[in-house]
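# Examination of the molecular architecture
In case you want the letters, here they are:
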Amino acid sequence: MTVYNNPIVLQRADPWVLKVDGEYWFTASDPEYDKIAIRHASAINDLQKAPETVVWRKHETGPCSKYIWAPELHRVNGAWYIYFAGAEREFEPNGMPTHRMFVLENTDDDPTTDNWTEKGQIVTPIDSFSLDATTEVIDGVQYLVWAQKDPDIPGNSNLYIAPMANPWTLAADPVMLTKPEYDWECIDFLVNEGPAFLFHDDKVFITYSASGTGVPYAVGLLTADRGADLTDPASWTKSPVPVFKTCAANGQFGPGHNSFTKSEDDAEDLMIYHARNYTDIKGDPLFDPNRHARVGVVRWREDGTPDFGVPEPDDVWSPITTDVLPPDGGELAGSAVR
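Here's what I pulled together on the structure shown here. Since we're looking at a predicted model, the values are computed, not measured.

### Focus: the overall build of the protein chain
A tally of helices and strands in the protein chain yields zero helices and 21 strands. Over its C-alpha atoms the protein chain spans a radius of gyration of 18 Å, differing by no more than 12% from the 20 Å that the globule rule assigns to 338 residues. Taking the principal axes of its C-alpha atoms as reference, the protein chain extends roughly 55 × 50 × 45 Å. Buried residues in the protein chain amount to 57% of all 338 residues. Within the protein chain, contacts between residues at least 6 apart in sequence are counted, and of these 52% link residues at least 24 apart.

### Topic: the sheet that holds strand β18 (residues 253–262)
In spatial order, the strands read β18-β19-β20-β21; together these four strands make up an open sheet with antiparallel pairing. The sheet is open, and its two edges are formed by β18 and β21 (306–307), each paired on a single side. Across seven bridges, the pairing between strand β19 (residues 269–276) and strand β20 (residues 292–300) is antiparallel. For L270, the partnering residue across the bridge sits in β20 and is V297.

### Concerning empty space enclosed by the protein
This structure, assessed with the given rule, holds one cavity of 30 Å³ or more. Reported here for the largest cavity is a volume of approximately 50 Å³. Contributing to the lining of the largest cavity are R12, F26, T27, A28, D30, K35, I36, A37 and E52. Class assignment for the residues of the lining of the largest cavity results in four nonpolar, one polar and four charged.

### A word on the nonpolar core
In this structure, W69, I206, L230 and W236 are the most contacted members of the largest nonpolar core, which totals 27 residues. At the level of elements, β5 (66–76), β9 (130–138), β10 (141–148), β11 (158–166), β15 (203–210) and β16 (218–225) are the ones that each hand at least two residues to this core. When residues in this core are grouped by element, the largest group, four residues, is from β15. Not counting the four nearest positions on each side in its chain, W236 is found in contact with L177, V204, I206, L222, T223, A224 and L230. By size, the runner-up hydrophobic cluster in this structure holds 16 residues, among which are I36, I38, L73 and F84.

Conventions we followed
- Residues numbered from 1 in each chain as written.
- Predicted model: local features only at pLDDT ≥ 70, side-chain atom pairs only at ≥ 80, totals over all residues.
- Heavy atoms only, no water.
- Helix = DSSP H or I, 4+ residues; strand = E, 2+ residues; numbered from the N terminus.
- Rg over C-alpha atoms; globule rule 2.2 N^0.38 Å.
- Buried < 20%, exposed > 50% of the residue type's maximum accessible area, 1.4 Å probe, protein only.
- Contact = heavy atoms within 4.5 Å.
- Pairing = 2+ DSSP bridges.
- 1 Å grid on protein atoms, 1.4 Å probe; cavity = no way out; pocket = protein on both sides within 12 Å on 5 of 7 lines; lining within 4 Å.
- Points joined across faces, edges and corners; volume = space filled by probe spheres on them.
- Nonpolar A, V, L, I, M, F, W, Y, C, P; charged D, E, K, R; others polar.
- Core = buried A, V, L, I, M, F, W, Y, C linked by side-chain atoms within 4.5 Å.

Put into structure tokens, the structure is as follows:
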């Protein structure tokens, strides 16, 4: 069993890890929100020092010119796709971001080449704040799940699902899976975002994150049967309580916006998430760079439901300032906590 060191990558929020042929491909929100970069390694613990390749930069003006958030790298039908959110202008006066969802494609074997092409915006029936697109091919159907603002529903974002005609086009109108409704989903902001698929036995799970991006941020869970109509809200059940949240005893605050991958021996499911190790955030939490990427092992209960445990304490160095670090984390990255 591998012993993982946390954090696995410093100053990378919304971490996404995709394992392909034994190699871990990592991307995440850059703390300057101006680019998309990929790094890869054959072991989770080696991702921090793995070279980072910038594969796309924000536009100078227009759509995708501000606040590039939460890229995800996917492999669909032999091609690579990056799903991400970008904005055209600053936040609205009421604090609402202005993001829309976009797709990049690379048909090379290696996703770090410069062969990325822009496939454009994912068009949804409501033209509104949208972000955090994730995708999965299930029983031959590609689905997209994402977060979006509905002007008729209070709050920032709800989660939606739709089948896809191709990796950048919806094939049907979306269906809402969840909206912020429980108290723990409505702290600071009414938010459901950051969906991620997880599979076990005959179940399909979607985790998501809720509330503001500070200490209250926590992870929720949706569950459906494999083979059910995943575009029918009645197929899904929602946990009334968070399944992963702040653990002050371990010095871990606001965990969330996770992805899932497999351990090096493929024997265990891993949850890759971000969290901070302090609560004294100056200003908007979004602009504090110290949401670090971390890893935890998913345990499975006898009834087939996931047990995410609690965020593990740090055992390697992390910064105490808000200075943006180099991609490799600097000289102290990976050194033991003193």
